[in-house]
Amino acid sequence: MIEVRGLTMRYGGTLAVDDLTFTVKPGLVTGFLGPNGAGKSTTMRAVLGLEIPAAGAALVDGRPYASLRRPMHTMGALLDAGAVHGGRTARAHLGCLARSNGIGPRRVAAVLDQVGLEDVADRRISGFSLGMKQRLGIAAALLGDPPVLMFDEPLNGLDPEGIRWIRDLLRSLAAQDRTVLLSSHLMNELALTADHVVVIGRGRLISDTTTDALAERFQRDVLVRATRSERLAEILRAHGATVTAEHVDPTTPDRPGDGGLSVRGLDAAGIGDLALRAGIALRELTPRSASLEEAFMELTADSVEYGSRPATAEVAR
Ligand SMILES: Nc1ncnc2c1ncn2[C@@H]1O[C@H](COP(=O)(O)OP(=O)(O)OP(=O)(O)O)[C@@H](O)[C@H]1O
């Protein structure tokens, strides 16, 4: 488990993280989302004890990382895949880390195999692509077989196959009841991987919820244009839908205008069936939902505009 409690981090006059509180639980993949500069890396550095908080704390299994007796066996982390000695081979790099943490060469071979680098294990890291370096960084994080894993932007620079591979790996680690936290600024990619999402903006918590709940919150409506839209609106309302005119004619504000009807509470198929039964011809039937990327943009835009609002700021439409 990772616990961030009232964490506040400053760089000179910059408030990078502002009274941030969240918990990352085992058995789930938790996404840590925020636009560039939101404070994700700073929070992760605080979890690793690389920065001293101005206030609050970040704990791994209830303790500051720096006080862990066997840190590599408790939490594995990848912060910057590029920060490796390019002159070494992958095997030498992992071997060096392993030796200094009392881990044997068999484990090095096992993690090289797990991340798919066994064929290039004896090549110099300087010739590695970013994707290979990400895999190497993940191998290093896995060396101590830790129950807690934390990765900063592990999807960066990966091709679709690499992204799928990381996704499967993270899900399998969570299925083993490990705690898995990964940061990203790409909501759509995270949405396919994470069960839970912690969203921050300007160092503050914006949302801490399940990925499904976030998607549901941003579900929109179905746009309907029909020959007899007033009659259709009545029928849809009688079946429990909420119907509003998309563009209201100012001279007849109670009547649907040419813009069609915005319908919530019934799906496109249900609306189509009801219209057919009533003999009403449809000209358009378009389900509209915000993509998670749009949801994320809306969430974080809100934090930028109304930075002092509480975490539960109304963002749903
Ligand atoms: N070493 C530093 N010195 C000064 N300011 C810093 C330092 N590191 C980060 N910051 C500032 O702190 C804030 C948070 O940065 P941080 O890198 O944690 O954000 P992030 O969410 O990880 O962004 P990115 O997705 O771009 O990595 C930013 O305003 C950044 O400019």
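Residues numbered from 1 in each chain as written. Predicted model: local features only at pLDDT ≥ 70, side-chain atom pairs only at ≥ 80, totals over all residues.

- An unreviewed UniProt entry annotates the chain as ABC transporter ATP-binding protein originating from Nonomuraea helvata.

1. Details of the overall build of the chain
- Secondary structure assignment for the chain yields eleven helices and 13 strands.
- Residue burial in the chain is summarised as follows: out of 317 residues, 39% are buried.
- Counted over contacts in the chain with a minimum sequence separation of 6, partners at least 24 positions apart contribute 69%. (Helix = DSSP H or I, 4+ residues; strand = E, 2+ residues; numbered from the N terminus. Buried ≥ 20, exposed ≤ 12 C-beta atoms within 10 Å, placed from the backbone. Contact = placed C-beta atoms within 7 Å.)

2. Details of the site of the ligand
- The local shell around the ligand consists of Tyr-11, Thr-14, Ala-16, Gly-34, Asn-36, Gly-37, Ala-38, Gly-39, Lys-40, Ser-41, Thr-42 and His-185.
- Residue assignment for the shell around the ligand shows that the elements contributing at least two residues are strand S2 (14-24) and helix H1 (40-47).
- The element best represented in the shell around the ligand is H1, accounting for three residues.
- A breakdown of the residues in the shell around the ligand according to their chemical character gives three nonpolar, eight polar and one charged. (Near = placed C-beta within 6 Å. Nonpolar A, V, L, I, M, F, W, Y, C, P; charged D, E, K, R; others polar.)

3. What about the domain arrangement of the chain?
- Splitting the chain by domain gives domain 1 (2-216) and domain 2 (219-289).
- For domain 1 and domain 2, the distance between their C-alpha centroids amounts to 47 Å. (Domains from an automatic or database assignment.)

4. Remarks on helix H3 (residues 90-99)
- Turning to H3, its buried residues number three or more, namely Ala-90, His-93, Leu-94, Gly-95 and Ala-98.
- Buried-residue contacts for H3 involve helix H4 (105-114) and helix H5 (130-142).

5. So, the sheet that holds strand S6 (residues 148-152)
- With mixed pairing, the six strands of this open sheet are ordered in space as S5-S6-S7-S3-S8-S9. Each edge of the open sheet carries a strand with a single partner, namely strand S5 (75-78) and strand S9 (204-210). With direction set aside, neighbouring strand axes in the sheet form an average angle of 15°.
- Set on the sheet, H1 makes contact with strand S3 (29-33), S6, strand S7 (179-184) and strand S8 (196-201); between it and S6 the angle comes to about 145°.
- Of the strands in this sheet, S5 and S6 touch H5, which is tilted by about 165° from S5. (Pairing = 2+ DSSP bridges. Axes fitted to C-alpha atoms, helices over the stretch in contact; angles between N-to-C directions.)

6. Examining the environment of Pro-64
- Following the sequence through the fold, Pro-64 ends up in the loop between strand S4 (55-60) and helix H2 (71-74).
- The partly exposed category is assigned to Pro-64, around which 15 C-beta atoms lie within 10 Å.
- The spatial distance from the C-alpha of Pro-64 to the C-alpha of Gly-49 is 7.0 Å, given a sequence separation of 15 residues.
- Other than its neighbours up to four places away in sequence, Pro-64 contacts Gly-49, Ala-57 and Leu-59.

7. Details of the confidence of the model for the chain
- Counting all residues, the mean pLDDT for the chain is 86, and 88% of those residues have values of 70 or more.
- Predicted confidence for residues 305-317 stays below pLDDT 50, and this span has eleven contacts to residues more than four positions away or in other chains. (pLDDT = per-residue confidence, 0-100.)

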